[in-house]
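# Descriptive structure summary
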Amino acid sequence: MELLQNSTTQSVEFGPILALTGTSSALSVLGSVGIFVSFYKDPEKCFTFRLLFYLSCADAVNAFGNFIGVIRNLAITEHYSPCDSDDVCIGQSFLTTSASLASFWWTFLAALNHFLYKRSSGSFHLETRRNQVISHFAGWGFPLLIATIALSLGVLGEDYSASSGPWCWIKDCDTIPLSPIFWMFLAGKFWEILAYIGTFAIYMLLKAERWNSLRMNNRLLPLSSGRQSYEAIPPPRGSRNEDSSIDDRFGLLWIFLYLYVTRVWGTIRFFIFVGHNGSPYLPTVNKVDKVLLYFQSVGDSAQGFVNFAGLILLPYILRKSN
């Protein structure tokens, strides 16, 4: 099976890409289910875990949409023009566009909540009723609003993986309002890049504050060789410190594994696409784009599994080994 040539690339073998996307999507859905089960077994978990639950909902929908894209490509018997996409393609694009935007927002909100928690000595600022309403509008309402506008203007549909994996996103069609690149920015990449910048800035601020705090503590209370450090003492079971350990794992593991490692491949492909402005890729660029397509097909579908592995499974294994 081959991927039809879009406006910039040559055709590539589509079978392995579909297999990778389908496997990654299935694992992501299962990982999200694992997070749901963990949450419902202990609904009194800290507020950050609730943010992880919302994020997992978005990731599960996104992975399910990508899986629909795989099934569609396996079952398709007629190749549509990008300007005339089928209903399954459009519906799947609406699902994945909404879910991807929601994932970016919940990712940023979780990072912001982590930052506020550390700055306020344990007070979750996003946990107030007003801030929760604002968070849910940003996490669900705003993505649905953008996706609905895109749907109503007929810009969702087939792009033959010009800047996505084997699923539908924004029509690679010059007749849509404004341009495909504009809608790719508005319906995904602009918010994704903001999430990159925002989470990285928060991470660096927390690292700088931690470094300054450790430096001050070392000045005031130098540890003797026979004294155990505070960080070596496990918090009492059921304490707020134990409950907040999820924040530390989420703030450190997720920054690198969840957002950057899984999503950066599609962002690189997007800028390659924008840079060529519809002209065919050079042979070397085309080869690089094909390799990145494999990584993107796995990464864009893997967020739920990565969160489950890093925030549920790995801590469980480490606790059992101690």
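Because the structure is predicted, anything quoted here is derived from the model rather than measured.

## Quick notes on the pattern of salt bridges
Evaluation of the coordinates by the stated rule reveals five salt bridges. For Arg 72, the salt bridge identified is with Asp 86, shortest N-O distance 2.7 Å. Remark: Asp 86 occurs in the loop between α2 (47-75) and α3 (87-119) and Arg 72 occurs in helix α2; sequence separation between them is 14 residues. Notably, a salt bridge pairs Asp 289 with Arg 269, separated by 2.9 Å at the nearest N-O pair. Placement of Asp 289 in helix α8 (residues 283-299) and of Arg 269 in helix α7 (residues 245-276) is noted, with a sequence separation of 20 residues between them. In this pair, the class of Asp 289 matches that of Arg 269, namely buried. Among the charged side chains, a network of salt bridges with common partners joins Arg 72, Asp 86 and Glu 158.

## Notes on the packing of α3 against helix α4 (residues 129-152)
It is the contact of α3 with α4, at a shortest axis distance of 8 Å, that shows an interaxial angle of 150 degrees. Classified by the interaxial angle, the pair formed by α3 and α4 is roughly antiparallel. Of the two elements, α3 crosses α4, and the hand of that crossing is right-handed. In this structure, α3 uses Ile 90, Phe 94, Thr 97, Ser 98, Leu 101, Ala 102, Trp 105, Trp 106 and Leu 109 to contact α4, whose residues at the interface are Ser 135, His 136, Ala 138, Gly 139, Trp 140, Phe 142, Pro 143, Leu 144, Ile 146, Ala 147, Thr 148 and Leu 151. Grouping the amino acids of the contact of α3 with α4 by side-chain chemistry returns 15 nonpolar, six polar and no charged.

## Some details on a nonpolar patch on the surface
Where nonpolar side chains cluster on the molecular surface, the patch consists of Leu 20, Val 291, Tyr 294, Phe 295 and Val 298 and spans about 380 Å² of accessible area. With four residues, the top contributor of residues to the nonpolar patch is α8. Of note, Val 298 is situated in helix α8.

## Quick word on α8
For α8, with 17 residues, the first-to-last C-alpha span of 24 Å sits near the 24 Å given by 1.5 Å per residue. Those residues of α8 not exposed but buried are Asn 286, Asp 289, Leu 292, Leu 293, Gln 296, Ser 297 and Gly 299. Angularly, the buried residues of α8 cover 150 degrees about the axis, an arc narrow enough to put them on a single face. Away from its buried face, by an angle of more than 90 degrees, α8 presents the exposed residues Pro 283, Thr 284 and Lys 287.

## Overview of the state of the cysteines
Tallied over the entire structure, the rule returns one disulfide. There is a disulfide in this structure between Cys 89 and Cys 168, and the S-S distance comes to 2.0 Å. On the S-S bond that ties Cys 89 to Cys 168, the torsion sits near -120 degrees, and the link is left-handed. Here Cys 89 is found in helix α3, whereas its partner Cys 168 is found in the loop between β1 (156-157) and β2 (169-170), with 79 residues between them in sequence. The burial state of Cys 89 is the same as that of Cys 168; both residues are buried.

Definitions and cut-offs
- Residues numbered from 1 in each chain as written.
- Predicted model: local features only at pLDDT ≥ 70, side-chain atom pairs only at ≥ 80, totals over all residues.
- Heavy atoms only, no water.
- Salt bridge = Lys/Arg side-chain N within 4 Å of Asp/Glu carboxyl O.
- Helix = DSSP H or I, 4+ residues; strand = E, 2+ residues; numbered from the N terminus.
- Buried < 20%, exposed > 50% of the residue type's maximum accessible area, 1.4 Å probe, protein only.
- Axes fitted to C-alpha atoms, helices over the stretch in contact; angles between N-to-C directions.
- Parallel < 35°, antiparallel > 145°, perpendicular 65-115°, else oblique.
- Left-handed = near helix turned anticlockwise from the far one by under 90°.
- Contact = heavy atoms within 4.5 Å.
- Nonpolar A, V, L, I, M, F, W, Y, C, P; charged D, E, K, R; others polar.
- Patch = residues over 30% accessible without salt bridge, like charges linked within 9 Å, V, L, I, M, F, W, Y side chains within 5 Å.
- Areas by Shrake-Rupley, 256 points an atom, 1.4 Å probe, with all protein chains shown as cover.
- Expected span 1.5 Å × (residues − 1).
- Arc of directions from axis to C-beta.
- Disulfide = S-S within 2.5 Å.

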